[in-house]
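Each chain is listed here by its residues.
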Amino acid sequence: MVAEHSPKTAQDLFSFLDGLGIKHTTTQHQPVFTVAESESLRDLIPGGHTKNLFVKDKKDQYFVLTVEENATVDLKTVHKTIDAASKVSFGKPEKMLDYLGVVPGSVTVFGAINDTDNQVTFVLDSELMKSDLINGHPLTNDATTTIGRDDLVRFLEATGHTPLILKVTE
């Protein structure tokens, strides 16, 4: 059985950003799976560095919570802020691949480019959005792409997603 659509690649993402006139820079690095592993990159890459949580509620509504890398999200209460139907739990890797085109360790706000059926709500933490520049993986965890805060919102809107900008961190 052939998949309905192949996940877009980093090159597809860059072409999409270019088509929108969004300035972006990408730094290649060793694959990083955790915030701790990525902290060595801080001096090389300016801006707000992100942590992304792929979560779902009991009605199978999916969310990507994009927060500053060291921020804490209370998974017991965040559902009230994001208007989920219930407390949230982490989404399964298969759904992550289906909806975002990424595997665990590579969850990124840029996965919106693969969510062509709008299965996921993207939530940007208001604290993170105080940064002029935002960093995220370009669909793989061996690079970091930097774009402007307002351009991130434009990117999401261009993929058919209206991001929620909410305070989801403690």
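Use the structure listed above.
Residues numbered from 1 in each chain as written. Predicted model: local features only at pLDDT ≥ 70, side-chain atom pairs only at ≥ 80, totals over all residues. Heavy atoms only, no water.

### Some points on the overall build of the chain
Phase 1: Regarding its fold elements, the chain presents five helices and eight strands.
Phase 2: For the chain, the N- to C-terminal ordering of α and β elements is α-β-α-β-β-α-β-α-β-β-β-α-β.
Phase 3: Relative to the 2.2 N^0.38 estimate, which gives 15 Å for 170 residues, the radius of gyration of the chain is 15 Å and therefore close to what a compact globule would have.
Phase 4: Dimensions of the chain along its principal axes, counting C-alpha atoms only, are 45 × 40 × 30 Å.
Phase 5: Buried residues in the chain amount to 47% of all 170 residues.
Phase 6: In the chain, once contacts between residues fewer than 6 apart in sequence are set aside, the share between residues at least 24 apart is 68%.
Phase 7: Each charge class in the chain can be summarised by its mean position, and for the 16 positive and 24 negative side chains these summaries are 7 Å apart. (Helix = DSSP H or I, 4+ residues; strand = E, 2+ residues; numbered from the N terminus. Rg over C-alpha atoms; globule rule 2.2 N^0.38 Å. Buried < 20%, exposed > 50% of the residue type's maximum accessible area, 1.4 Å probe, protein only. Contact = heavy atoms within 4.5 Å. Lys, Arg positive; Asp, Glu negative; His and termini not counted. Charge placed at Lys NZ, Arg CZ, Asp CG, Glu CD.)

### Quick word on the side chain of Asp-115
Phase 1: Looking at the secondary structure, you find Asp-115 in the loop between helix H4 (93–100) and strand E5 (120–125).
Phase 2: One buried charged side chain, Asp-115, makes no salt bridge at all; its nearest oppositely charged neighbour is Lys-8, positioned 10 Å away.
Phase 3: Residues within four places of Asp-115 in sequence aside, it is in contact with Tyr-99, Val-120, Phe-122 and His-161. (Salt bridge = Lys/Arg side-chain N within 4 Å of Asp/Glu carboxyl O.)

### Quick notes on H4
Phase 1: Among the residues making up H4, those that are buried are Met-96, Tyr-99 and Leu-100. Looking down the long axis of H4, one finds its buried residues gathered within 85 degrees of arc, a one-sided arrangement.
Phase 2: Against strand E2 (48–56), strand E3 (62–68) and E5 lie the buried residues of H4.
Phase 3: Looking one or two residues past H4, Gly-101 carries a phi angle of roughly 75 degrees, positive in sign. (Arc of directions from axis to C-beta.)

### Re helix H5 (residues 149–158)
Phase 1: The complete set of buried residues in H5 reads Asp-151, Leu-152, Val-153, Phe-155 and Leu-156.
Phase 2: Buried positions along H5 lie against helix H1 (10–19), E5, strand E6 (133–136), strand E7 (143–148) and strand E8 (164–166).
Phase 3: Downstream of H5 by a residue or two, Gly-160 has a phi angle that is positive, lying close to 90 degrees.

### Quick notes on the nonpolar core
Phase 1: One finds Phe-54, Leu-100 and Phe-155 to be the most contacted residues of the largest nonpolar core, which totals 28 residues.
Phase 2: Put simply, the parts of the chain that give this core at least two residues each are H1, E3, H4, E5 and H5.
Phase 3: By residue number, the principal contributor to this core is H5, which donates four residues.
Phase 4: Non-local contacts of Leu-100, meaning those with residues more than four positions away in its chain, are made with Phe-54, Val-64, Lys-95, Val-107, Gly-111, Asn-114, Val-120, Phe-122 and Leu-139.
Phase 5: Judged by nonpolar contacts, the second largest core, of 13 residues, contains Leu-65, Val-73, Ile-82 and Val-88. (Core = buried A, V, L, I, M, F, W, Y, C linked by side-chain atoms within 4.5 Å.)

### Side note on unusual backbone geometry
Phase 1: In this structure, Asp-60 is a non-glycine residue whose phi angle is positive, near 60 degrees.
Phase 2: Mapped onto the fold, Asp-60 is located in the loop between E2 and E3.
Phase 3: The residue Leu-139 is not glycine, and still its phi comes out positive at about 80 degrees.
Phase 4: Structurally, the position occupied by Leu-139 is in the loop between E6 and E7.

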